[in-house]
Amino acid sequence: SILFVCLGNICRSPMAEGALRQAAAQRGIDLTIDSAGTGGWHVGDPPDPRAIATARTRGVDLSGLRGRVVRAEDFHRFDLIVALDRSNLRDLREIEPDDATARLSLLLDHVRGREGQSVADPYTGDLEDFAITWAEVRAGAEGLLDWIEAT
Ligand code: 4NP
């Protein structure tokens, strides 16, 4: 089970959730996948319309997703919590309970040559930025699946 975490849970982490759902289905791998934000501005909101449009043209429907905040129990409910950027990873380490069982990682650490890098926030950008985000989360999803299949 995998939880993706970004700041607002309306752009990057819902796109990562959709990309991994698509990539896992294509490989026939059954996973529990969810996403959440470290901030609460968009609790209950659907993903950003530009995230929905970007995913839709790639065959993934994000319209049913709703924003939520990451919470302590997520560190027990998920095997892996994947941060979209380095600041999200720092924030996760701050709120990580002492008895957490989930592993933490950074999405692009699963992409060769992109280790340690952040998926940039497209929120203040344009559709081209969302296309870049999609390519990055899709690459991250493939890398995650390679790692899961190897372990
Ligand atoms: P995300 O983008 O973290 O990729 O969902 C953001 C969306 C909204 C806000 C920040 C980041 N916000 O501050 O409202």
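Report on the accompanying structure. Given the structure is predicted, the values throughout are model-derived calculations rather than measurements.

### A closer look at the pairing of strand β3 (residues 80-83)
Residues L80 and V82 line one face of β3 and the alternating positions I81 and A83 line the opposite face, and both faces are buried. Alignment of β3 against strand β4 (residues 103-106), held across four bridges, turns out to be parallel. Residue pairing in the sheet places I81 in a bridge with L104 of β4. Chirality of the crossover, the property in question, places the unit of β3, helix α4 (residues 86-95) and β4 among those that are right-handed.

### Brief notes about the nonpolar core
Counting 32 residues, the largest nonpolar core has I2, F4, L20, L31, L84, L107 and V137 as the members making the most contacts within it. Breaking this core down by element, the ones donating at least two residues are β1 (2-6), α1 (12-27), α2 (49-56), β3 and α5 (127-150). With near-sequence residues (within four places) excluded, V137 lies in contact with R12, M15, A16, A19, L84 and L107. Ranked by size, the runner-up nonpolar core spans 13 residues in total, among them A36, F78, I81 and A83.

### Focus on the sheet that holds β1
The four strands lie next to each other as β2-β1-β3-β4, forming an open sheet whose pairing is parallel. The sheet is open, and its two edges are formed by β2 (33-37) and β4, each paired on a single side. Across the sheet, the mean angle from the axis of one strand to that of its neighbour is 25°, orientation sign disregarded. With four bridges joining them, β1 and β3 adopt parallel strand pairing. Pairing of I2 across the sheet is with L80, part of β3.

Cut-off values and rules
- Residues numbered from 1 in each chain as written.
- Predicted model: local features only at pLDDT ≥ 70, side-chain atom pairs only at ≥ 80, totals over all residues.
- Heavy atoms only, no water.
- Buried < 20%, exposed > 50% of the residue type's maximum accessible area, 1.4 Å probe, protein only.
- Helix = DSSP H or I, 4+ residues; strand = E, 2+ residues; numbered from the N terminus.
- Pairing = 2+ DSSP bridges.
- Right-handed = clockwise from strand over helix to strand, strands pointing away.
- Core = buried A, V, L, I, M, F, W, Y, C linked by side-chain atoms within 4.5 Å.
- Contact = heavy atoms within 4.5 Å.
- Axes fitted to C-alpha atoms, helices over the stretch in contact; angles between N-to-C directions.

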